[in-house]
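# Inside the fold
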There are 2 protein chains.
Amino acid sequence: IKDLNALGANVSVLLDSVDQARSINKFCEENDCSISALVEIDCDGNRGGLKPNDPLLIQVAKTLDSGQGRFLGVLAHAGGSYSCFDEASLREAAQNEVNQVRLAVSNLSKRDISCRVVSICSTPTAYSYENLDGITEVRAGVYTFFDLVMAGIGVCDKTDIASSVVTTVIGHNKDKGWLIIDAGWMALSSDRGTAKQPQDCGYGLVANTDSQIIDGLQVIKANQEHGIIGSALPGTINFDDFPIGLKIHILPNHACATSAMHRRYHVFDKVNQTYESWVRIQGW
Amino acid sequence: IKDLNALGANVSVLLDSVDQARSINKFCEENDCSISALVEIDCDGNRGGLKPNDPLLIQVAKTLDSGQGRFLGVLAHAGGSYSCFDEASLREAAQNEVNQVRLAVSNLSKRDISCRVVSICSTPTAYSYENLDGITEVRAGVYTFFDLVMAGIGVCDKTDIASSVVTTVIGHNKDKGWLIIDAGWMALSSDRGTAKQPQDCGYGLVANTDSQIIDGLQVIKANQEHGIIGSALPGTINFDDFPIGLKIHILPNHACATSAMHRRYHVFDKVNQTYESWVRIQGW
């Protein structure tokens, strides 16, 4: 991080304990640099972070500022919003996220500690904030593409989904009513994010090359290199419509997980009729 | 494939329909080459392939041999064996796999069609064959590393598992009894292959750097870059034993899926005290 910042980047870190703040200070002293840190606020008990009223919050900020580290502000992620399925609960999750970080900011402020950054967001809550006073940053990730999980939560329509995996029909199992495709979990990921949603989309829904979703079809099973498409509507697969060799699109459950299986994006701009190939950043 | 074979490779293809056989012949005629093809035998209804008694099997072989393609033999994969949990059912699955391909070979033989390759295998059945007369090839994949799914089926012990993800403890949530690690599904994959097994291992079990499995701990939740380790035995996580910064190993549910998330293997030979870094082949 020291080297990246020296090259002109502006990388800060996220922490939630005094020990980590001390480690930052020590690293900065030993390496003659300063690294800024945000403190994670646990707004809904879904991961790590400190509760806004936890006295440790003040301690972490003070520890950083008493050493060569630098307290930058607070950050929350409303992971609980992924379990919301209607507007009212999305608004509630969004309001809770805002309230929790405001409370943290207020508690810090009483001790004369100010927050340069007050950062919130999950994609589900991104569209449900009513008032962002005091918030400096709204981060959202998967909204870039959207996916079936987001459509299931109700923050987008399925037709808004901007990424898909292009696959080829490589087999017919007429006895079972299956189309076999050359995209299994190595192409689609094993993410089953819609499994607990009202509409379970299996390993993905099917669209034709005109981006029309084909009713009733979904990837019902994913082997390593094979996917099996079945129909929720018995007897509706007309195999003549899906000849071997046909290219079709699979819409992802979770765009992040599906993208992670691939090295490049093939980017088509249908309005300007352009195509670009973008290399993905890999690793985690 | 034509180009690869011209360079000295020996690539054959797998198919299960007359249409595909015709396509191979056509391609070979147009490109002045010959490509060998195996026909997939469906031994347990888990994916594609032709049943051994299906008259199409004869037709596919004859189609290939009447054109510029070449019929090489038959191949089966006992995918159903992944649902076996005792020795008797593994032996049954293995015997069924052998019986089904032998029946296919026999049916072809009656029409004077011989199989140069008779290929079977799934990792679960690999250790349960009693007689391999007539089989020319036993393929197994995940046995290279083994994993928790295979341990759950009973074909290996957990201590046989030869790959793991090294991760760092980055947080403690003492209220919830959680260790937070920097390996989520981007490092571990979303594969939940043990979910339906008698022992569900979550997103992986935990071992220390001496390869000792730590009783009761497992990755109970995986976010994109974070994993959450919880204990099945209440109150047993002694947080002092897992300080922030500690490196631990996560044993994979499914070695193939976990490996697919990484670009390199770090290979340690503890006997000869050597280390090598192997680049993975990517794509699918």
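By convention here, each chain's residues receive numbers from 1 onward along its written sequence. Starting at A for chains and at 1 for ligands, labels are handed out in the order in which the entities are written. In keeping with the model being predicted, local features are shown solely for residues with a pLDDT of at least 70 and side-chain atom pairs are shown and tallied solely at 80 or more, while totals for entire chains, interfaces and linings include all residues. Side-chain figures throughout are based on the complete set of non-hydrogen atoms in the structure, without hydrogens or water.

### Considerations on the overall build of chain A
Counting its regular elements, chain A contains eight helices and 13 strands. Seen through its principal axes, chain A has C-alpha atoms that stretch 70 × 45 × 35 Å. Classification of the 284 residues of chain A by burial places 48% in the buried group. In this description, contact between two residues means that some pair of their heavy atoms is separated by no more than 4.5 Å. Once local pairs closer than 6 in sequence are excluded, the contacts in chain A between residues at least 24 apart make up 61%. Residue exposure ignores everything except the shown protein chains as possible cover, and the areas themselves are Shrake-Rupley values with a 1.4 Å probe. Surface exposure of chain A reaches about 14000 Å², of which carbon and sulfur atoms provide 48%. The positive count covers Lys and Arg only, the negative count covers Asp and Glu only, and His and the chain ends enter neither. For charged residues, the charge sits on one atom: NZ in Lys, CZ in Arg, CG in Asp, CD in Glu. Considering chain A, the positive charge centre built from 24 side chains and the negative charge centre built from 33 side chains are found 4 Å apart. The helix and strand labels rest on DSSP assignments: H or I over at least four residues marks a helix, E over at least two residues marks a strand, and numbering proceeds from the N terminus. We call a residue buried when its accessible area falls under 20% of the maximum for its residue type, exposed when it is over 50%, and partly exposed in between, using a 1.4 Å probe and counting protein chains only.

### A word on the packing of aromatic side chains
All names here are of chain A. A pair of aromatic rings is counted whenever rings of Phe, Tyr or Trp (Trp by its six-membered ring) have centres within 6.5 Å, and the orientation is called stacked for planes under 30 degrees apart, edge-to-face for over 60 and tilted otherwise. In this structure the tally under the stated criterion is six aromatic pairs over all chains. Measuring from ring centre to ring centre gives 5.0 Å for F268 and Y275, while their planes differ by 40°; the resulting arrangement is tilted. Given a relative accessible area of 42%, Y275 falls into the partly exposed group. Here, over-ring charges are defined by two tests on the NZ atom of lysine or the CZ atom of arginine: distance to the ring centre within 6 Å, and angle to the ring normal within 35 degrees. R192 extends its terminal NZ or CZ atom over the ring of Y203, reaching a point 5.4 Å from the ring centre.

### A closer look at the domain arrangement of chain A
What fixes the domain bounds is an automatic or database domain assignment. What the domain assignment lists for chain A is domain 1 (2-140) and domain 2 (158-279). The distance between the C-alpha centroids of domain 1 of chain A and domain 2 of chain A comes to 37 Å.

### A short note on the sheet that holds strand 8 (residues 205-207) of chain B
What holds strands together in a sheet is hydrogen bonding between their backbones, with the strands either parallel or antiparallel. Residues and elements named next belong to chain B. An order of 6-7-10-9-8-11 is seen for the six strands of this closed barrel, with the pairing classed as antiparallel. Strand-to-strand twist across the sheet, computed as the mean angle between neighbouring axes with direction ignored, equals 45°. In this sheet, strand 11 (residues 247-251) lies alongside strand 8 in antiparallel orientation, the contact comprising three bridges. What sits directly across from V206, in strand 11, is I250. Pairing between strands is defined by DSSP: at least two bridges between them are needed. Note on definitions: angles span 0 to 180 degrees between N-to-C directions of axes, and those axes are lines fitted to C-alpha atoms, for helices only across the stretch in contact.

### Observations regarding the packing of helix 3 (residues 55-66) of chain A against helix 4 (residues 87-110) of chain A
Residue and element names in this part refer to chain A. Across the interface, helix 3 lies against helix 4 with an axial gap of 10 Å and an inter-helix angle of 60°. Considering their axes alone, helix 3 and helix 4 lie oblique with respect to each other. Every pair of crossing elements has a handedness; the one defined by helix 3 and helix 4 is right-handed. Of the residues in helix 4, those in contact with L57, I58 and A61 of helix 3 are A104, N107 and L108. Each residue receives one of three labels: charged for Asp, Glu, Lys and Arg, nonpolar for Ala, Val, Leu, Ile, Met, Phe, Trp, Tyr, Cys and Pro, and polar for the others, Gly being one of them. Its residues placed into classes, the contact of helix 3 with helix 4 shows five nonpolar, one polar and no charged. Any angle that is under 35 degrees is reported as roughly parallel, and any over 145 degrees as roughly antiparallel; angles of 65 to 115 degrees are reported as roughly perpendicular and all others as oblique. Whether a crossing is left-handed or right-handed is set by the direction in which the near helix is turned from the far one by less than a right angle, anticlockwise for left-handed and clockwise for right-handed.

### A few points about the relation of the copies chain B and chain A
Take chain B, turn it by 180°, move it 0.0 Å along the axis, and it overlays chain A with an RMSD of 0.0 Å. A rotation of that kind, with that shift, is consistent with a two-fold axis. Considering only C-alpha atoms, the part of chain B nearest the rotation axis is B:S190, at 2.6 Å. The share of interface residues of chain B whose copies in chain A are also at the interface is 100%, consistent with both copies meeting through the same surface. Least squares is used to superpose the copies, and the fit set is the C-alpha atoms of residues whose pLDDT is at least 70 in both copies.

### Observations regarding the interface of chain B and chain A
Taken together, the 35 residues of chain B in the interface contact 35 residues of chain A. Between chain B and chain A, a total of about 3100 Å² is buried, with carbon and sulfur atoms accounting for 56% of that surface. As used here, buried area is the combined drop in accessible area, with a 1.4 Å probe, of two parts when they are placed together. Broken down residue by residue, the surface that chain B buries against chain A is led by B:R47, B:M186 and B:W284, which jointly contribute 24%. For salt bridges, the criterion is a side-chain nitrogen of Lys or Arg within 4 Å of an Asp or Glu carboxyl oxygen. Summed over the shared surface of chain B and chain A, the number is zero salt bridges. Throughout this description, a polar contact denotes any pair of N or O atoms lying within 3.5 Å of each other; where both atoms belong to protein, one of them has to be capable of donating a hydrogen while the other can accept it, and for residues adjacent in sequence the pair is counted only when both atoms sit in side chains. Counting every contact that joins chain B to chain A gives eight residue pairs in polar contact (both at pLDDT 80 or more). Every element with two or more residues in the side of chain B that touches chain A is listed here: strand 6 (165-173), strand 7 (178-181), helix 7 (185-188) and helix 8 (255-259) of chain B. A per-element tally of the side of chain B that touches chain A places helix 7 of chain B first, with three residues. When grouped by side-chain class, the residues that make up the side of chain B that touches chain A number 14 nonpolar, 14 polar and seven charged.

### Considering helix 3 (residues 55-66) of chain B
Residues and elements named next belong to chain B. In this analysis, the expected span of each helix is defined as 1.5 Å times one less than the number of residues it contains. Here helix 3 contains 12 residues, and its C-alpha end-to-end distance of 17 Å stays within 8% of the 16 Å for a straight helix at 1.5 Å per residue. Tucked into the core, helix 3 has its buried residues touching strand 1 (13-15), helix 2 (18-31), strand 2 (36-41), strand 3 (70-76) and helix 4 (87-109). One side-chain oxygen of the residue at the start of helix 3 lies 2.8 Å from the amide nitrogen of L56, identifying that residue as D54.

### A look at the pattern of salt bridges
Residue and element names in this part refer to chain A. One pass over the full model with this rule turns up 14 salt bridges over all chains. The residue K51 makes a salt bridge to D42 at a minimum N-O spacing of 3.3 Å. On the basis of relative accessible area, K51 is assigned to the partly exposed category, the value being 41%. Look at D42 and you get buried, because its relative accessible area is 4%.

### A word on the side chain of A:T168
By secondary structure assignment, the location of A:T168 is in strand 6 (residues 165-173). Excluding its chain neighbours within four sequence positions, the residues that come into contact with A:T168 are A:I180, A:I181, A:D182, A:G245, A:L246 and A:K247.

### A look at helix 3 of chain A
Among all positions in helix 3 of chain A, only A:L57, A:I58, A:V60, A:A61, A:T63 and A:L64 are buried. Buried residues along helix 3 of chain A sit in contact with strand 1 (13-15), helix 2 (18-31), strand 2 (36-41), strand 3 (70-76) and helix 4 of chain A.

### Topic: the sheet that holds strand 1 of chain A
Residue and element names in this part refer to chain A. Spatially, five strands are ordered 1-2-3-4-5 in an open sheet, and the strand pairing comes out parallel. Unpaired on one side and paired on the other, strand 1 and strand 5 (137-138) mark the two borders of the sheet. Two elements, strand 3 and strand 4 (residues 117-120), share three bridges in a ladder whose sense is parallel. Within strand 4, the position partnered with G73 by the bridge is V117.

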